[in-house]
Each structure stands twice: as C-alpha cells, then as structure tokens.
Amino acid sequence: MNFKLTNVIAKRPNKTIYRDGDYVIKVFNSDFSKVDVLNEALNQARVETTGINIPKIIEVGQTEKGEWFIVSEYVQGKTIREMLIENPEKQAELIEMFVNLQIEISKKKCTLLTKHKDKMINKIEQANIDSIIKYELRTRLEGIHRQNQLCHGDFVPSNIIIKEDGTTYILDWAHATQGAPCADAARTYLTFSLNEEYELAELYLDTYCNLSGIERKNIQKWLPIVAASQSVKGIKEERELLMSWINVSDYE
C-alpha cells in the first residue's frame with residue numbers, strides 16, 4: 001500500500017476515511033466482512049458503467065495489519081449537507097437539486113446489481129420482529145410491482161458533492177441495488193426522519209412527488225419495509241420510531 005494514512009477526513013463506527021492528495025482511502029475495521037468490502041467495490045465499479053459522475057475505484061487491498069481498504073478518486077467540493085447548513089434560506093432550492101439528481105439516477109439501469117426485493121426479503125427475515133409482522137411485510141413486498149431501476153440505497157445530502165464548476169458527484173454506492181425508485185425515496189425519507197429532521201423530510205417527500213409525478217401513497221407503501229431493513233442494524237435509539245413505521249396498518 002503506497003498511500004499515507006495520516007489525514008483523516010471522516011470516521012464511522014466500522015471504518016476510517018483518509019485523504020492522500022488526489023485519493024480517498026476508506027479503511028475498514030479488521031472485523032469488517034471481506035465479502036461486504038468486495039461487494040461495495042464491485043457495486044461502485046458497476047455503477048461507473050452507467051455514466052453517472054462518481055469517484056472511480058483505483059485500488060482494493062489490505063493494509064499490513066490485514067485491514068481491507070478501497071481507494072477512490074478524491075472529489076473537491078461541498079456536499080449538499082454542508083450547503084444546507086451554510087445556506088438555510090436556500091433549503092427549497094437545494095432539496096429540489098437533490099431530488100432531481102435522485103430522479104436522474106432512477107432513469108438508469110445496472111442489471112448486474114443485486115435485486116432490491118431480494119435484499120429486502122433477506123432483511124425482513126433477519127429483523128427482530130414478530131413472525132406475523134414478517135409475514136405481512138413479505139406479503140406487501142410480493143404485491144409491489146417488480147422494477148429494475150438503479151437505486152442508490154443511501155441517497156442523503158452528505159453523499160452528494162457539488163464542485164466549484166457545478167458538476168455533481170454521487171458518493172457511497174455500498175447499498176446500490178436494482179429496484180423501485182419509490183423504495184429509494186422511502187429510504188431517503190426514513191433517514192431524514194431518523195435524524196429528527198421532520199420538516200426537511202416532508203419538504204423532501206413533497207418535492208420528490210411533485211417532480212417525479214409519483215403519488216405519495218406509492219412511496220408510503222415502502223416505509224414499513226425499509227424500516228424493517230434499517231432495524232437489522234440494531235441501533236437502540238432508532239428502535240421506537242422504526243417499530244412504529246413497521247406497523248403496516250398505519251399505511252393502508
């Protein structure tokens with residue numbers, strides 16, 4: 001490994017992200033699954049073929065300590081999250097930009113990615129919820145028309161970088177699948193809500209429905225499913241809100 005791991009630009013519970021010149025090095029904890037690391041790199045490489053602006057994969061390997069890492073291009077700019085904090089008066093404008101990017105992604109196809117429905121079935125089985133609720137969620141999932149559009153899986157403002165010239169780059173394709181755009185929108189709405197950004201969540205959902213022409217109820221159908229998927233992470237602080245969303249009767 002010929003990259004310097006001295007300039008930390010972000011830390012997560014299971015990884016540390018460094019910058020070395022024109023490169024970003026994401027180093028995963030030693031107990032992080034090799035399968036998940038290689039799958040993330042493969043997802044990113046596959047999405048590169050769609051023509052979307054994303055940081056290109058440079059290298060995948062292991063440190064001398066045996067930790068897996070992924071090296072990508074460094075993209076200089078500001079995230080939409082940073083811009084929302086710095087320019088609260090431009091919130092509606094920035095969310096509209098954010099939503100338009102998500103809609104453009106959903107027009108793409110990447111047929112080698114995991115199918116979203118299959119991933120959700122596995123997540124429902126792993127969830128620590130009543131077996132009757134699992135059955136209801138599987139039934140709901142089976143009743144939703146299968147689609148094969150590109151879904152980011154974690155489309156949030158901190159994953160969108162705007163360069164000085166206005167060019168946008170979309171980061172973090174670890175959770176990318178092929179499936180329904182409504183599912184991706186539901187996931188984004190859930191993330192805003194888990195961050196207790198309820199007004200922003202509603203602005204996002206209203207904007208998404210207006211710009212996409214998709215009815216709100218079609219996104220709401222996915223809320224119990226994406227909530228069940230998120231619950232698998234076992235974050236105690238999220239449990240109460242997620243369980244209230246998992247109750248499918250609330251969205252009938």
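Numbering of residues starts from 1 in every chain and runs along the sequence as written. Only residues with pLDDT of 70 or above have their local features reported here, since the model is predicted, and side-chain atom pairs are shown and tallied only from 80 upward, although totals for entire chains, interfaces and linings are computed over all residues. Side-chain descriptors were evaluated using all non-hydrogen atoms of the structure, hydrogens and water having been removed beforehand.

> Where do I start with the sheet that holds strand β8 (residues 160-162) in this structure?
In short, DSSP must find at least two bridges between two strands for them to pair. Put simply, DSSP H or I for four residues or longer makes a helix, DSSP E for two residues or longer makes a strand, and each gets a number counted from the N terminus. In space, the three strands of this open sheet follow the order β6-β8-β9, with antiparallel pairing throughout. The open sheet has two edge strands, β6 (78-79) and β9 (168-170), and neither has a second partner. Both β6 and β8 contribute to a ladder of two bridges, which runs antiparallel. Directly across from Thr-79, in β8, lies its bridge partner Ile-161.

> Is there a simple way to explain the pattern of salt bridges in this structure?
Any two side chains of opposite charge can pair, so long as their charged atoms come close to each other. For this analysis, a salt bridge means a side-chain nitrogen from Lys or Arg found within 4 Å of a carboxyl oxygen belonging to Asp or Glu. The full count for this structure, using the stated rule, is nine salt bridges. In this structure, Arg-146 engages Asp-118 in a salt bridge whose closest nitrogen and oxygen atoms are separated by 4.0 Å. Here Arg-146 is found in the loop between α5 (131-142) and β7 (149-151), whereas its partner Asp-118 is found in helix α4 (residues 116-126), with 28 residues between them in sequence. The shortest N-O distance in the salt bridge between Glu-215 and Lys-217 comes to 3.9 Å.

> I would appreciate a short explanation of the packing of aromatic side chains in the present structure.
By convention, a stacked pair of Phe, Tyr or Trp rings (six-membered ring in the case of Trp) has centres within 6.5 Å and planes under 30 degrees apart, an edge-to-face pair has planes over 60 apart, and any other such pair is tilted. Applying the stated criterion to the full structure yields eight aromatic pairs. Both rings, one in Phe-3 and one in Tyr-23, keep their centres 5.4 Å apart while their planes meet at 65 degrees; by these two values the pair is edge-to-face. Of the two residues, Phe-3 is situated in the segment before β1 (8-12) and Tyr-23 in strand β3 (residues 23-28); the sequence distance between them amounts to 20 residues. Here the aromatic residues Phe-98, Phe-155, Phe-192, Tyr-204 and Tyr-208 are joined through ring pairs into a cluster of three or more.

> Just checking my understanding: could you explain the sheet that holds strand β5 (residues 68-73) for this structure?
Through backbone hydrogen bonds, the strands of a sheet pair up, either in parallel or in antiparallel fashion. The strand order across the open sheet formed by five strands is β1-β2-β3-β5-β4, and the pairing between neighbours is antiparallel. Looking at which strands have only one partner, the edges of the open sheet turn out to be β1 and β4 (57-62). Taking the axes of each pair of neighbouring strands and ignoring which way they run, one obtains an average angle of 15 degrees across the sheet. The sheet contact formed by strand β2 (residues 15-20) and β3 spans six bridges and is antiparallel. The partner of Ile-17 across the bridge, within β3, is Lys-26. In this analysis, two residues are considered to be in contact whenever any of their non-hydrogen atoms come within 4.5 Å of each other. All axes are obtained by fitting lines to C-alpha atoms, using only the stretch in contact for helices, and the reported angles, taken between N-to-C directions, cover 0 to 180 degrees. Contacting β3, β4 and β5, helix α1 (residues 34-48) crosses the sheet at an angle of about 20 degrees to β5.

In short, shape yes, function no, at least from these values alone.
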